[in-house]
Every structure is written in structure tokens, then in C-alpha cells.
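Remarks on the overall topology
Residues per chain, in single letters:
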Amino acid sequence: MSRRIFITGYGIITSIGKNAAENYQSLVDRKCGFGTLEILNTVHKDDLPACEIKLSDQQLCDLCGVSIKQGYTRTVLLGIIAAKEAMHMAGLSPSEMYATGLLSATTTGGIRELERHYYELQDPNEHGDFEVFTDTANPGEHTERMAEEFGIKKYVGTVSTACSSSANAIILGARLITSGELDTVICGGAEALSKFTINGFNSLMILDRDHCKPFDIKRKGLNLGEGAAYLVLESEDTIQRSGKKPIAELKGFGNTNDAFHQTASSPDGAGAFLAMKMALDTASIHPSAVSYINTHGTATENNDLSEGLAIQRLFGNQVPPFSSTKPYTGHTLAAAGSIEAVYSIMALSQQVIFPNLNFNEQMEELSITPEKELIENAKLKYVLSNSFGFGGNVSSLLLASL
Amino acid sequence: MSNTNYYINGLGIVSPQKTYNNNEFLPEIVAYHDNVLTSIVPDFKEYINPVQLRRLSRMLRIGLTAAIICTRDSGITKPDGIITATGYGFLNDTAKFVSEMLAQQERHLTPTFFMQGTYNALSGLVALTLKCNGYNNTYVNKGFSFETALHDGMMQLYESNFKTFLIGSYDEADEIQYKVNSRVNHYKLEHINSLELYDHATKGSLQGEGSAFFTLSKEQGEKCWCILKGVTMIFKPDSSEFLGEAFKKFLKKHNISINEIDLLINGLSGDIENDKILSEFTAKLFHQTPEIRFKHLCGEYCTASSFGLWLGASILKKQQIPSIVKFNPASLPSSIRMVLIANQYMGRNYSFILLEKV
């Protein structure tokens, strides 16, 4: 990459914390968000537990400082909370905001509100408070609402590539900086739980009713989650001008397609291999230099096998420590890429490796084992963060300490 | 990047007009009378194998067909990457799943509509069909979706050794979007003849749809349609002056003066309120420039600018303008060299796309 890209801020909200500090503490304390659904009203609240943020929409509005009457969907509210923290950490001034871009990712946008007001919204004779959610199911709407909230005009974009979405928002952000289009960009993703996703994944029979077990031979599927995370990316010359101290560097990235099946990963993880390799190649980094992989690790039978084999193929007999943080947050779909990018940055800046919870028994098909315990003083230089999705979309980010 | 030429070496489009045959140029014009314009489709079996065809939703069939027409036209069977764009994606399928879910109290659901409803389902399907492991992305930012995809493709070609990207749009005229958006008068209250869209100075537009794919390359192909010079997006300009300033910057970046633009493709939607800023802007800057319009042919949808791009590319290649799109009497130069597409969606997403004859 011709122009170096630095991370000067990040923000996050998940079921294990409403800001970066809370998330970090939960990761260290092995505290998970998995449990019965209390906020989302679904018939599955007891039989399909998930990683839910235990704050009502009203409480989220209070955190954002907006009125519930403004029609901000839960996805938008989560997005605002995380992006605000990122902007604050990066110390973006109002004048910088004007020249900043916003790239956000989501898979469901405001489906949660659409399903809640489904019949009323379609009936022209019905009127009431629900009308603020008229066009909020559209995925681009959440980014535009956020952009308006922050006064961002320069570049507004929305990505949706299923569960790799926010990794791709980060990649686009980096490339907009490399190309000289932007100097500063806020990028990430937001996703609220909905009946739509819970029932969708349930109909695919890939939800574990118990707490998920990534890379374990007895893994039975994923747990869903919700959340949002954003990074502030800035060019090298911009931080030289401002004198800001960057937190980490985005060193490389890869985006490929598995081209195998609409919803399943190829058995040998061809796309995953290519994406990780591309991330290393763009940074001119040898696989042996990677000190930790934050895997996609959803705990579905298919993903963990495919990803594990791709890792073995790329790293040979020098596979670095790896773990999945999905048992903490659940699979937050479009937000997973940016949430795990934030965890990877935390790992780099605190020099820790977060444990892969619930791993007990080795998979027969793999010769590699995830980290089960928290590792401190880990001496991390390069961390790879993987995000894969339906449609064969696979992306990998390479983050570096400074 | 602004001085690089990006060649549109192939295209394929399925729209509410008969546009799927690249050897013809709007051979017959179809009028719609219920404010909803839906696609005129070819025989899908000529593009998609029967086993695959049975499994695909209507939108996936239309999208994949447009992509195949495009790859056949350009002769590129394996692009370096695929980028798609949509406003509402497969809302039709999503709505089917939601309806079933609500009607059956979240029990006994089948995953088909859920699986086919993800926004990247088409880019994944095209990758699967072309066996393309390369870059793959999908943009879903309303009236910016297609422009972001174009911009991404241009950046990919500029920054790497890649040669060709397949870039496509898709949007479906679905019922739920029609009903929901009718609440904010996005569609006209009165039913009109679609071809008379611009004679009705009222609130609302017509609902349209379509899918258009383009191959974008750094090198000129044998059947090249035109050069894509540049694209830019402006989010919620508060006045036509603001839009004008952004436009001036765009021209400057590409080192072009306004007099060089031979033809304006105006993306007015026929909605008197949403069109206000764009029509003020074009009236001020382009009153002497020949102008054509297209949303009376394809309707309004988030990625309608891709229909505009198809129209511009066709005019530049064929050097003819069908009379149905002409909107002002300004005389045309003997050779149409530079074309500007100016678009707006819902009065929020504005864009400019600049094309040049090869």
C-alpha cells in the first residue's frame, strides 16, 4: 500500500459492554453476553438464547442523546453509540468531521422495526407513532441517519456482504485513503437482533441452543448477537499534520469469494485461504510474522472446519495462536468484522490473546488447537482478523502494533 | 486516478423496456399505466441452465441474466472481481419470509427466502456461476449504491494490476416498498401513462426496476462502448448552488470545461419536490445543452442511474438518440463526444457520471 493507514480511534458496543473499556474488561474476565432474550419480543426467547444488549431502545436513545420520536432504529442507535466513541477517541474536531467519510455495514438495517410494524406500515389507513419507521428497513438508511447526526457529507457509503460486511467497510475506507479520495474515514458496522435473523438462522438449523463452542468437535452451531463497532482511519500525512498518536496500523487486507455455495463454505476453505494470503501479500508480510489470528470461528460445523483447514494450509507447521471471540458476543453478523477488528487492536495494544471459550475437545480433522486461556505479555506485532459470509464473501484484515 | 481512462467493454441490461438485446436500441417502447414499471425479460433458458433456473427467485434470474449478457458482450468470462449495487435488494423475498414468520408465529419456517434475501446473494451467485474467486463486494446505499460500485471498480483498476471488473446494479419493483413509500408520497397518487411522466408536475414518481451490468477495464476492448471518465456523489446538498459548486470541483478534477459536454442525461424523477434542486441546477448550467431523460422508460429506483449509464454508453457507441428520450430542442453536434449523467434519488442522493466516446 502506497499510503500508510493508521487507526486513531475506535468505539464499540456489544452484549459484553457499551464501550471499549467495558468490552475489554469482559474479555479479560471471561464474561459473556449469552443468555435469554429479554429485550427482543420473540416466541424463541427461552429456547434460542443469544447475546443481547440488555438495554431497551429508550435506554439506547438516552445514551445517544436522541429522542425516541426521531425514528432511529436500534441498528442506528447502536451505530451512533459506537461511532461517537470512536470519533471521541480520535479527537476529531468539527472541521475534520466535514472532510470525513462514513462507511457503515449492516445486513438487516431496520428489519427489526419493519417486522414490528409490518402490517401497520403497509396499511395506508393506519396512523401512529410507528410512522417514524416508514423507510427505515432500507440498509442505506442507517448510514445516512448516522451521517446526518454527525454532520458528515464528504462520502457516505453502505456495505452489505452478509457476515463479512463491516470488514469490507474497513477495506473500502482504507482504499479511499490510499487513493487520496479521503484523509479520514469512520468505518465499521451495526446490527440489531431481530426475529428475522433468529428465525432465518434457525430455519437453516445452524443455531446452537446452548453456548457455542468454536473449533470444538462437539460444536453445534452459532449463537446470534448484536452490536456495533467503528474505527477511525487516518492517512500518515494527516496524523503527521495533527500530531495525533495512532493506536495501530492497518497493514493489509484481502477480499475474495469462495465461489463454492450460496450459504456454505468450501470444504478446503479456498476463499478463506486466498483472503488471508492477500492480506499478508498486500502488506508484504511472511505468514511466520503473524502473532495471533482472531478467527471468524462461528462454531458452525462448516465454518470452523473450512477456516481451520485454510489456516493450516497457509501457515503450515507454524500456525500462530488463534481464538474465536464469538462465545463472548455471539455472531453479530455485519458488525462482526469491525467488532473483532476492535478486539484485535485491543489485543495489540494490551499485548494479550483473548481465550477461545468453551473449547474442550479437539476436532479430528484439524491438527491445530485454539487458545483456551488468556495470554498476557503476548508480544504481538501482527494480528489477522477473519470475517466470512453467505454468498462466499470472505475478508481478512491485517493489523499491526506501532 | 482522474486522468486514467476506464473502458466499458461490455454491458447487459434487463429493464422495463426491451433492452436485453445489445444489437437493438429501444426498438419498441412500452407504456405502463399503473405507476409500476416491471422488467421485460428474455427467455432465461438462453442464459441460465434449467437446474439452476428453477432454484432462483425472479430478481436473481433477472440479475444473473444481465450479468451473463454483459460477459458475453465483452467476451470476458472471468473478471478479476464482481461488485454489485442495490437499494432494496431482495425485499420481496425478505418480505415473504417475514410474512410467513408472523403468520406462523415463528414456527415451521423454510430457509429459502431467508437465504435468497441477503443483499450479496447476486454477487455471490455471479461469482459462483463464473467461478470467480476474486474481489467481491455489494453496496446498498440507496441512490449512491451504483455510483459507489463504479467508484470502487475504478479504484481497483487504478491501484492494482487487475484488468477487468464486473459491476452491476439490481432493484426490484416490490409491493411492500411501494406500499410503505407511498406513505411519504414517493409515488404519484394519480395513475398516469408512464411515458407522460414529465408532463405531470406533481408529487411522487413511478416505481421502476432493472438490472444492468458493465465490464470496466483499463484497456479498450474490441466492442468498447465508451470511456467512463469519472463519478462523484453529493449527499443532501441544501441548494442548487451547493450542487453547482460540487459539480465545478468534479469538472476541474477531470480537467473538463462545461462547454465540452455535448449531452446531458437528466435523472429527474418526475417528482416536483425531489427534482427541485436538480432541475434548478440543470436549468442554470445546461440551458444550451441538448438534454435527454430516462425515468419515464425505467421508472424510479435506487440504482436507476445504471439505466442512465446504459443509455449514455449506447448513444456514444451508436451515435444516435431515440426520439422518445429527447427533451429539449437544442441542436446536437455532428459527433456526440462527452456525456454527463446527473441523477438524484429522493432528493438526498445526487450524483454525476461523466462518459466519453472512444
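Sequence order sets the numbering: in each chain, residues are counted from 1 along the sequence as written. Chain letters start at A and ligand numbers start at 1, both assigned in the order the entries are written. Confidence filtering applies because this is a predicted model: local features only for residues at pLDDT of at least 70, side-chain atom pairs given and counted only at 80 or more, and all residues used for totals across whole chains, interfaces and linings.

**Focus: the overall build of chain A**
Defined as follows: Numbering of helices and strands runs from the N terminus; a helix is a DSSP stretch of H or I covering at least four residues, while a strand is a stretch of E covering at least two. Each radius of gyration reported is based on C-alpha atoms, and the globular scaling rule is 2.2 Å times the count of residues to the power 0.38. With C-beta atoms placed from the backbone, the exposure class of a residue follows from how many other C-beta atoms lie within 10 Å of its own: 20 or more, buried; 12 or fewer, exposed; in between, partly exposed.
Each helix and strand counted, chain A has 14 helices and 12 strands in total. For 402 residues, the compact-globule estimate of 2.2 N^0.38 gives 21 Å, and the C-alpha radius of gyration of chain A, at 20 Å, lies within 12% of that figure. Over its C-alpha atoms, taken along the principal directions, chain A stretches across nearly 65 × 55 × 40 Å. Residues counted as buried form 64% of the 402 residues belonging to chain A.

**What about the overall build of chain B?**
Selection criterion: Contact between two residues is assigned when their C-beta atoms, built from the backbone, lie within 7 Å.
If you tally the helices and strands in chain B, you get 11 helices and 10 strands. Against the globule reference of 21 Å for 358 residues, chain B gives a C-alpha radius of gyration of 19 Å, in line with a compact fold. Dimensions of chain B along its principal axes, counting C-alpha atoms only, are 60 × 50 × 35 Å. Out of the 358 residues in chain B, the part that is buried amounts to 56%. A sequence separation of at least 24 residues applies to 79% of the contacts in chain B between residues at least 6 apart.

**Some thoughts on the domain arrangement of chain A**
Residues and elements named next belong to chain A. Which entries qualify depends on this criterion: Domain delimitation in this document rests on an assignment produced automatically or drawn from a domain database.
When the domains of chain A are assigned, the result is domain 1 (5-242) and domain 2 (248-400). The C-alpha centroid of domain 2 is placed 21 Å from the C-alpha centroid of domain 1. Listed per partner, the contact involves 63 residues of domain 1 and 56 residues of domain 2. Within the residue set of the side of domain 1 that touches domain 2, elements represented by two or more residues are β1 (5-14), α1 (20-28), β3 (50-51), α8 (165-178), β6 (184-191) and β7 (227-235).

**Let's talk about the pairing of strand β3 (residues 135-139) of chain B**
Residue and element names in this part refer to chain B. Selection rule: Strand pairing requires that DSSP identify at least two bridges connecting the strands.
Within β3, five of the five residues are buried, leaving the element largely enclosed by the surrounding structure. Neither face of β3 is left uncovered, since the one carrying Tyr 135, Asn 137 and Tyr 139 and the one carrying Asn 136 and Thr 138 both have all their residues buried. Across five bridges, strand β2 (residues 81-85) lies against β3 in parallel orientation. By the bridge assignment, Ile 82 is partnered in β3 with Asn 136.

**So, the interface of chain A and chain B**
Accessible area lost on assembly of the parts is the figure often given for the size of an interface. Selection rule: Gly counts as polar in this scheme, as do all residues outside two lists: the nonpolar Ala, Val, Leu, Ile, Met, Phe, Trp, Tyr, Cys and Pro, and the charged Asp, Glu, Lys and Arg.
Contact with chain A, which involves 51 residues of that partner, is made by 52 residues of chain B. Residue composition of the side of chain A that touches chain B, grouped by class: 17 nonpolar, 27 polar and seven charged.

**Examining the domain arrangement of chain B**
Residue and element names in this part refer to chain B. Here the domain parsing of chain B yields domain 1 (6-217) and domain 2 (226-356). Taking only C-alpha atoms into account, the centre of domain 1 sits 21 Å from that of domain 2. At the level of elements, β1 (6-14), α6 (145-159), β4 (164-171) and β5 (210-217) are the ones that each hand at least two residues to the side of domain 1 that touches domain 2. Of the residues in the side of domain 1 that touches domain 2, the class split is 25 nonpolar, 17 polar and five charged.

**Some points on the pairing of β1 of chain B**
Residues and elements named next belong to chain B. Within β1, nine of the nine residues are buried, which leaves the element mostly enclosed by the surrounding structure. The pairing of β1 with strand β6 (residues 226-235) spans three bridges and is antiparallel. When the bridges of β6 are listed, Tyr 6 appears paired with Leu 228. Strand direction decides the pairing type here: β1 and β5, joined by seven bridges, are antiparallel. Residue pairing across strands places Gly 10 opposite Thr 215, the latter belonging to β5.

**With respect to unusual backbone geometry**
Peptide bonds are trans in most cases, and residues, glycine excluded, mostly fall at negative phi. We note that Ala 259 of chain A has phi near 45°; this positive angle belongs to a residue other than glycine. For Ala 259 of chain A, the location among the structural elements is in the loop between β8 (248-257) and α11 (270-283). Among the residues examined, Ala 259 of chain A registers 23 C-beta atoms within 10 Å and is labelled buried. Even without a glycine there, the phi angle at Asn 255 of chain B is positive, about 60°. Asn 255 of chain B gets classed as exposed once you count the C-beta atoms within 10 Å, which come to 10.

**A few points about the packing of helix α3 (residues 74-90) of chain A against helix α7 (residues 139-150) of chain A**
All names here are of chain A. Just so we agree on the cut-off: Convention adopted: a line fitted to C-alpha atoms gives each axis, helices being fitted over their contacting stretch, and angles between N-to-C directions are expressed from 0 to 180 degrees. Should an angle fall under 35 degrees it is taken as roughly parallel, and over 145 as roughly antiparallel, whereas 65 to 115 is taken as roughly perpendicular and any remaining angle as oblique. In a left-handed crossing the near helix is turned counterclockwise from the far helix by less than a right angle, and in a right-handed crossing that turn is clockwise.
Following both chains from N to C, one finds α3 and α7 inclined at 45°, their axes separated by 9 Å at the closest point. Taken together, the axis directions place α3 and α7 in an arrangement best described as oblique. The crossing of α3 and α7 is right-handed. In contact with Thr 75, Val 76, Gly 79, Ile 80 and Ala 83 of α3, α7 contributes His 142, Arg 145, Met 146 and Glu 149.

**Quick notes on the packing of α8 of chain A against helix α14 (residues 336-350) of chain A**
All names here are of chain A. The contact between α8 and α14 brings their axes to 5 Å, and the two run at 70°. One element, α8, and the other, α14, form an angle in the roughly perpendicular class. In this structure, α8 contributes Ser 165, Ser 166, Ala 167, Ala 169 and Ile 170 to the contact, and α14 contributes Ala 336, Gly 337, Ser 338 and Ala 341. Considered class by class, the residues forming the contact of α8 with α14 number five nonpolar, four polar and no charged.

**Section: the confidence of the model for chain B**
The criterion, for reference: Per residue, pLDDT measures the predictor's confidence, with a range of 0 to 100.
Here chain B averages 96 in pLDDT, while 100% of its residues score no lower than 70. Interface confidence for the predicted complex, given as ipTM, is 0.97, next to a pTM of 0.98.

**A few points about the environment of Met 89 of chain A**
Residue and element names in this part refer to chain A. Mapping Met 89 onto the fold places it in helix α3. Residue Met 89 is classed as partly exposed on the basis of its C-beta count, with 18 C-beta atoms lying within 10 Å. For the pair Met 89 and Tyr 10, spaced 79 residues apart in sequence, the C-alpha to C-alpha distance is 6.6 Å. With residues up to four places along the chain from it excluded, the contact list for Met 89 reads Gly 9, Tyr 10 and Gly 11.

**Topic: α3 of chain A**
All names here are of chain A. The condition that has to hold: In this scheme, a helix's expected span is set at 1.5 Å multiplied by one less than its residue total.
When the terminal C-alpha atoms of α3 are compared, their 24 Å separation across 17 residues agrees well with the 24 Å that a helix rising 1.5 Å per residue should span. Counting buried residues along α3, 15 of its 17 residues qualify, which places the element largely inside the surrounding structure. Downstream of α3 by a residue or two, Gly 91 has a phi angle that is positive, lying close to 60°.

**Quick look at the environment of Ser 123 of chain B**
Assignment of secondary structure puts Ser 123 of chain B in helix α5 (residues 121-130). Remark: the alpha-carbon pair of Ser 123 of chain B and Thr 138 of chain B, spanning 15 residues in sequence, is separated by 6.9 Å. Ignoring sequence-local partners within four residues, the contact set of Ser 123 of chain B consists of Gly 391 of chain A together with Ile 82, Thr 84, Asn 136, Asn 137 and Thr 138 of chain B.

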